[in-house]
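Survey of secondary and tertiary structure
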Protein chains: 4
Amino acid sequence: MGNTIGKMFSVTSFGSSHGKAVGAVIDGCPANLELSPEDIQKELDKRKPGTSGVTTPRKEEDKVQILSGIFEGKTDGTPITGIVYNNNQHSKDYSMFKNTPRPSHGDYGWMSKYGNYDYNGGGRGSGRITIGHVIAGAIAKKLLKTKNIEIVSQVVQIGDIMAHSNDFDTVKENVEKNSVRCGDLEAAKAMEELILAKKQEGDSIGGIVETVAVGVPAGLGEPVFERLDGDLARILMNINAVKGVEIGFGFDVATSSASEINDEYYIEDNEIYTSTNSSGGIIGGISNGMPIISRIAVKPTPSISKCQKTVNLEKMEAKEISIQGRHDPCICPRATIVAQSSVAIVLADHMIRSGYIHPSNLEI
Amino acid sequence: MGNTIGKMFSVTSFGSSHGKAVGAVIDGCPANLELSPEDIQKELDKRKPGTSGVTTPRKEEDKVQILSGIFEGKTDGTPITGIVYNNNQHSKDYSMFKNTPRPSHGDYGWMSKYGNYDYNGGGRGSGRITIGHVIAGAIAKKLLKTKNIEIVSQVVQIGDIMAHSNDFDTVKENVEKNSVRCGDLEAAKAMEELILAKKQEGDSIGGIVETVAVGVPAGLGEPVFERLDGDLARILMNINAVKGVEIGFGFDVATSSASEINDEYYIEDNEIYTSTNSSGGIIGGISNGMPIISRIAVKPTPSISKCQKTVNLEKMEAKEISIQGRHDPCICPRATIVAQSSVAIVLADHMIRSGYIHPSNLEI
Amino acid sequence: MGNTIGKMFSVTSFGSSHGKAVGAVIDGCPANLELSPEDIQKELDKRKPGTSGVTTPRKEEDKVQILSGIFEGKTDGTPITGIVYNNNQHSKDYSMFKNTPRPSHGDYGWMSKYGNYDYNGGGRGSGRITIGHVIAGAIAKKLLKTKNIEIVSQVVQIGDIMAHSNDFDTVKENVEKNSVRCGDLEAAKAMEELILAKKQEGDSIGGIVETVAVGVPAGLGEPVFERLDGDLARILMNINAVKGVEIGFGFDVATSSASEINDEYYIEDNEIYTSTNSSGGIIGGISNGMPIISRIAVKPTPSISKCQKTVNLEKMEAKEISIQGRHDPCICPRATIVAQSSVAIVLADHMIRSGYIHPSNLEI
Amino acid sequence: MGNTIGKMFSVTSFGSSHGKAVGAVIDGCPANLELSPEDIQKELDKRKPGTSGVTTPRKEEDKVQILSGIFEGKTDGTPITGIVYNNNQHSKDYSMFKNTPRPSHGDYGWMSKYGNYDYNGGGRGSGRITIGHVIAGAIAKKLLKTKNIEIVSQVVQIGDIMAHSNDFDTVKENVEKNSVRCGDLEAAKAMEELILAKKQEGDSIGGIVETVAVGVPAGLGEPVFERLDGDLARILMNINAVKGVEIGFGFDVATSSASEINDEYYIEDNEIYTSTNSSGGIIGGISNGMPIISRIAVKPTPSISKCQKTVNLEKMEAKEISIQGRHDPCICPRATIVAQSSVAIVLADHMIRSGYIHPSNLEI
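Computed from a predicted model, the values in this text were never measured in an experiment. (Residues numbered from 1 in each chain as written. Chains lettered and ligands numbered in written order. Predicted model: local features only at pLDDT ≥ 70, side-chain atom pairs only at ≥ 80, totals over all residues.)

**Overview of the packing of helix α3 (residues 130-145) of chain B against helix α8 (residues 332-353) of chain B**
All names here are of chain B.
- Here α3 crosses α8 at 50°, and the two axes come no closer than 7 Å. The angle between α3 and α8 places the two elements in the oblique class. Read as a crossing pair, α3 and α8 show a hand that is left-handed. Mapping the contact onto sequence places Thr-130, His-133, Val-134, Ala-136, Gly-137, Ala-140, Lys-141, Leu-143 and Leu-144 in α3 and Ile-337, Val-338, Gln-340, Ser-341, Ser-342, Ala-344, Ile-345, Leu-347, Ala-348 and Met-351 in α8.
- When the residues that make up the contact of α3 with α8 are grouped by side-chain class, the tally is 12 nonpolar, six polar and one charged. (Axes fitted to C-alpha atoms, helices over the stretch in contact; angles between N-to-C directions. Helix = DSSP H or I, 4+ residues; strand = E, 2+ residues; numbered from the N terminus. Parallel < 35°, antiparallel > 145°, perpendicular 65-115°, else oblique. Left-handed = near helix turned anticlockwise from the far one by under 90°. Contact = placed C-beta atoms within 7 Å. Nonpolar A, V, L, I, M, F, W, Y, C, P; charged D, E, K, R; others polar.)

**Details of the relation of the copies chain D and chain B**
- With an RMSD of 0.0 Å, the fit of chain D onto chain B corresponds to turning through 180° and sliding 0.0 Å along the axis. When the rotation and shift are considered jointly, the pair of chain copies conforms to a two-fold rotation axis. When each C-alpha of chain D is compared by its distance to the rotation axis, Gly-355 of chain D comes out closest, at 3.5 Å.
- Comparing interface residues between copies, 100% of those in chain D also sit at the interface in chain B, which points to an isologous, same-surface contact. (Least-squares fit on C-alpha atoms with pLDDT ≥ 70 in both.)

**Comments concerning the relation of the copies chain C and chain D**
- With an RMSD of 0.0 Å, chain C superimposes on chain D once it is rotated by 180° and translated 0.0 Å along the axis.
- The fraction of interface residues of chain C whose copies in chain D are also interface residues reaches 100%, indicating that both copies meet through the same surface.

**Structural notes on the sheet that holds strand β7 (residues 80-85) of chain A**
Residue and element names in this part refer to chain A.
- The strand order across the open sheet built from five strands is β1-β2-β3-β7-β4, with neighbouring strands paired in antiparallel fashion. In this open sheet, the two edge strands, each paired with only one partner strand, are β1 (4-5) and β4 (64-68).
- Pairing of β4 with β7 involves four bridges; the strand directions are antiparallel. Bridge pairing in β7 places Ser-68 opposite Thr-81. (Pairing = 2+ DSSP bridges.)

**Focus on helix α5 (residues 185-200) of chain A**
All names here are of chain A.
- Taking 1.5 Å per residue as the helical rise, α5 with its 16 residues ought to reach 22 Å, and the 23 Å between its terminal C-alpha atoms agrees with that figure.
- Among the residues of α5, those classed as buried are Ala-187, Ala-188, Met-191, Glu-192, Leu-194, Ile-195, Lys-198 and Lys-199. The arc that holds every buried residue of α5, seen down its axis, measures 170°, which confines them to one face. Along α5, exposed side chains directed more than 90 degrees from the buried face belong to Glu-186 and Gln-200. (Expected span 1.5 Å × (residues − 1). Buried ≥ 20, exposed ≤ 12 C-beta atoms within 10 Å, placed from the backbone. Arc of directions from axis to C-beta.)

**Comments concerning the interface of chain C and chain D**
- Every contact between the two is made by 90 residues of chain C and, on the other side, 90 residues of chain D.
- Element by element, the count of residues in the side of chain C that touches chain D is highest for helix α6 (residues 228-237) of chain C, at seven residues.
- Examined bridge by bridge, strand β11 (residues 242-247) of chain C and strand β11 (residues 242-247) of chain D share three bridges and lie antiparallel to one another. Residue pairing for β11 of chain D: Glu-246 of chain C is matched across the bridge by Gly-244 of chain D.

Below, the structure is given as C-alpha cells:
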C-alpha cells in the first residue's frame, strides 16, 4: 500500500532492488506531449552509480523501456509505464542480514510490518526504487517545460562545507561539471575530498540538497490540507534518508523577526514581485510567482563497514555487524536528481489541478 | 479543494475567520469511543487566545458543539461534526486590506487563485481555521490513548533561546505551567521576555515547536509514498506559518557521520530498542517502536505594526502598510496544540490503516 | 468512513435522522458562483415530505443554513457547509427496534459493523441523510447551469404502470405538476392511485426513476476505473433503496443485436450526432455529447405495517414485527430529487476534472 | 487518469491492445500469501479468445510474468506487477478507422478527449485491457479464499434464452463444461446456437452475466458514499460494454410490494439468516452475511460486418463502414471472468478496510 502519489498527475511505483524490475506507471499525463525513451534515459543516467569516486562503484545499466502510453512519438493520455530490468543483482550473499536489522536501516520496521521481508540489497527499501521517481520526474519535467517551468537541484552542503552559488543558470551549468553535483565549483572540490576521506574511514557523511523551480505561476496549491508546501514536504520527506525539509528560509525563521524576513511587494513592468524571497515562493500554502525553493537534509548512508551493534531477531541475542560492500559514502550527489524529480511530480500535479495545464490534451 | 486529509481516519475542515462558523467533520473514527464535548473543549481552550501577554488579547469564546456522530455518549461510527460559531468577529474595518496584499501573508496567492477573496481577518487563511485541526486532534488523541499512545508538544526555541528539557513527563507537566508552553521553565521565562520585547517594538519573532509521541508500535507507515515521516511532514508543513519540518536529528544529519548517529539495536526484557534515537522513531518511512519526534520551524507572525512596503493591486501602485490590531507577537505557544493535533491525526489514521485499531468498532 | 465522494468537486456528508443536524461540506466549487440559501432551499423543498398523500405525512421544516464558503453573495473557493437542524425528531418510542432488525432494512448490517447503532428512525441509515445530497446537488446544478447543462428526473414506472414521456421540456414542466413527479400526467394519475392503494393495505411499492442531463459536452469520463458511467452507477447505487442502475438502453441490450441498437453517426450544421441514443450519451466510459440517460430501480419502502418475521438479537429468538408510523408508501417521488442531485454531483466533478470548468475561479 | 481503483487493495491498470504490453500493479495485498504465475495464468486462460466458435478466432498467448512483489513464493507486501506482452498485435491495417468513429464504439469520445488516439484495435479502449483486471482479480480471489470466500460467474441470459441454475456448486462445475460459460447446460446449448447464428449474419448479440460470492461476512461496506453495492456497481459498470448493473432482485423491485420481497430474518444454529435474498446480500450498503448477487447487462459487440452509417471526422462527411475482422459475436462468455475479477477486487478491498483481513501481513 502507499505506492501511488498524486491526484491528477499520479505515479505508481513498483519493484525492488533484487527482483526482476523496477519502474513506475504515470497516469494523468495529458496527450500530445512528445516523449521518447531518451528523455527519460538522460535523467536516469544522472542517478546512475559508478560514475565517480563519490558514488558506489556498483555498475548498473539502468536502461529504461516505455511499455505503454506513447502513440506515434507522443503521449496519448493513457498510463505511461517505464521499466528498468535489474541485471547486476546477483551473486552476493545477503543471508547474513536475514534476521539482523542494520542500524538506522529500514529493515527492522519492514520486517515488523510484513513478516516476509526481502533482505537482499534492501529489497524495496533500497535506494534503487527511486528509479521510479526519476522516470516519473523526467516526464513531469518535460511537461512543465511546455509552460516554461525549469527546475535545478544541487548539493549545497556536505558536512560543514557549504556552497555559495545561488544564480539559477550558473548552478544549472555547474552541477553537470562535478561529481558532487554542487553548483559552486570550489565548494564541490572540498566536498569531494571530504566524502573520499569518510569513505576511506569506512564511514559516510550527510548533507543538504536544494531544489529551485523557476517560472511557476502564482496560485498553485490547495489550502488547507493539500497546500503546495505540504505536498512538497511529503514527497521530499518520503525520499530515502531524508530527515528534514525546508521551504524558503526554513529553520532560520526561528531566529528571525518579521521585520527582517517579511517579503515586501513591488511592481515592475506591471507585474508583482517580492523584493526578497524568504517565503521560498509559497505563502499560505499557495505559490506567489517567485522561485519555489526547497531543501532536504540527507542523512549519511547507514551502511558502513565500521563495526556496529545490532541483534539477531530469531535468536533474540546481541551481535555485531560490519557492512561490507559497495555503498555510496554520501547519498547527496545522486539524491539531487531524486529531489528534482519529486518536486517536478508535485508541480506537474498542481499545474493540472490548478487549471494551468489541460488535464487530457496539451493542444487544447 | 484540498480541505480533507486522511485515508481511514479523515478530517474535512471548513469555515473562515469572519464567516458564521469554523469546524471539522471527522470520518472514520471507530464506534464505541467515549466522547463528550468537554474532551474537545479542553483542547480548544489550550489554543484559545487572550490568556496571556504572549498571545493576542483578542477574546474568543470558541465553544464547541458536536452536531453528529455520538450516540449515548459514544461514537457510533458515523461522521463526527464539531463546530464553533464565530462571535467576536465584528466591527473592525478591514477594507484597507481589500486589494492590498500584506507582506508574507497568504492573501496575494489566495486572491490570484480565487478572484473572490474574503480579506476580513484573513478569511480562510486565518490561523483561526486551525480550530478544525484541534477538534479532530482531540478525537484522535482520545482514540490513540486507548492504545496507550501519548503525545506532547512544547516550544523548544524562540529566537536564540533554547529549551533543554527532554524528559517526556517533565515536559508534559511543565507546558501547562507557563504561557509559552515550553517544557523548560527557565527557558520559558526568557522566551516570554523576548516575545514581550518584540511586541513592544511592533514586531514579532519565530521559533521551533517539538512534538513527541510515545507508545507508537513498530510497523506504522506505508512505503513508498505514504510513509509515516512523509505524512507527518505534509500535515505539519500545512500548518500556517510553518517553513520547515524535521524528524529525529533533522538538519543535524547534514554534519554527521553514520558512525556518530546510527541507532544501534539492543535487547531488553525480550524487546528490541535502539540505544539512541536520532532517527526519531521512523526509519525507511516506518515506525520502529521508539518515540516519534518531529520539529517545526514557525515563522514570526507576518502582521506587524512596523511599516512595510506593498502594492495596491487595483491601482497597480506602490503603497506602505502598518498592520494594527491584536496579533500574536509569536505564533509558537498556540501552535503547540495545532502541531500536536496534526501529529495525532496522522497517527490515528496509520494506527487504523496498519491494523492496530479496528476500523469500525473499538470493541472488536 | 466513506462519507466523502468526488475528486475535484467533493462532498462530505454528515448527520443522522435523530441527531442534532444533517448536512454536507462541499469542497472544490470554484469561486465566483452566485449562491444563496434560496438556491438550495428550493431543491430541499422538492424532497420535503408531507406535501401529498403519496409521501409520509411527517412534517419536516428542513430549513437550510449556509455556514461557510460564501463571500458577498458568491462562492469564494473555500468549502461550503450547508446544514439543516433536525426539529421534528422527538418523542416517538423507537426502543422496540433496539435489538430487532427490520426486514430489508440496513440496521442489521450497521449493528454488525459498528456495535453502537442509533436505532432511532434509522440513524444515519435513514433516507433523511439524503438532505446532504440535495444540498450538494443544488450547488452542482447551479454550477452546471453556467455551462448550459440541465438535468431532469422523473418517475417512469411504479409497479406495472409506465410513463411515456420523453421530451425533455415537457417532462421538466410536468414533474412539477403532480405529486408523483412523473413527466406523463396520465400515467401520474394511475401511479398515484396505485401508491394510495398500497398504502391502504399497509404495504408499499417500488418503481423506476429516470434522469436525463442535456448539454453535456463530449469527453467527460476517465477510463478505465473512473469512467463517467461507472461514477454515475456508484453514486446512484449508493442511494438508499436502489437495487439497479441502467445507462441508456440498460438491460434491454441483453435481448438486442448490434445492428438494432448501435448508434450511427451523422453530421448536422458541422456537428456530430448519433441518430439514436441507446448508449445513453456514454460510450467506452466517456460522454459523446448526446443526452446522458440513467435509470434506477427503487425498491418498495421496507417499513410496512404488515406483519413480518424477524429476530431479537439479544435473546436470539424469533419474533414478529409490524412497523407502524408515517412511512412513504413509495420512495420514488422523493427519490427523483436525490437521483438528480447525485447525477449533478458527478457531472460537476467531471466537468472540472476534464477542464471544462476552471477548478478555482469561474471568471477565468 | 483514472486507471487506479481501490483504497486499501488497489489496482493500477496499464497498456493497450497494440502497444508493447498490458498489465496491472496491485498494491495493498498483504504479505505471506502464496502466489505463483500459475495462479494468475489459469484465470487468464479463461479469458483467452480463440478457444471456441463463440469467441473471436484470434489467437493470443497471454502469458503472464510477475515482475515484482513476490519473495520466496509469497507476497511480501510490496506492489505486485503482472504483465502480458502483446505478441499477435501486428500486420492488420487499421488506418481505415483513423478518423472514422465506429458506431457505439468508444473511439469518438476518446478522440474528442485526447486528440492523440491509437485507433489500432481500439487502443486502450480495447477489451484486451481487461487482462489487467483478471491479473488483479486472480490475486484478490486467492486472498479471499484464505477467508473461505468463493466467487462464481455465469452467463444467465443471451438474447431471449435464460439459464435456470442457481445452485452455487452446480454452476461452478457447469461453467467450465461449455463454451458459453453458462451454469445451465441445456440453456448453454441454445445460447451457443443463437450466438453462432448471429455470427453467421455478420451481427452480434447481448446478454446478462451473474456473479455470486459466498462466504462474505456481515459488515462490509462504508455508508454513505463507499457502500459495498455502490463500489460493485462502479467497477462492474466500468467494464467495457456493460450498460446495467443489478444487486439482488434488481429491476424486478420496481414491480414488487415490500410484503412480497422483504427478506425476513430467522435463526438457525445460533446464526442469523434471511429466508429469501432479494437484497442480494447487501442492505443499506452493507453486507448482511448472505450471498452477494450481482448482474450486468452486456451489450452486443459493436463491431459488426453489417453495413453502418458513420462520418469521416477530418473531411466532416458521411460514410459507410463494414467492420471486418475477428470479433466476438457475443461478449458475455469472456466477460464472466472479468466480472468475477472485478467483484473479487472490490471484496478484497473491503475485507481489508473492514478489518477482516490484516492490511500488511496475512499471518497476523
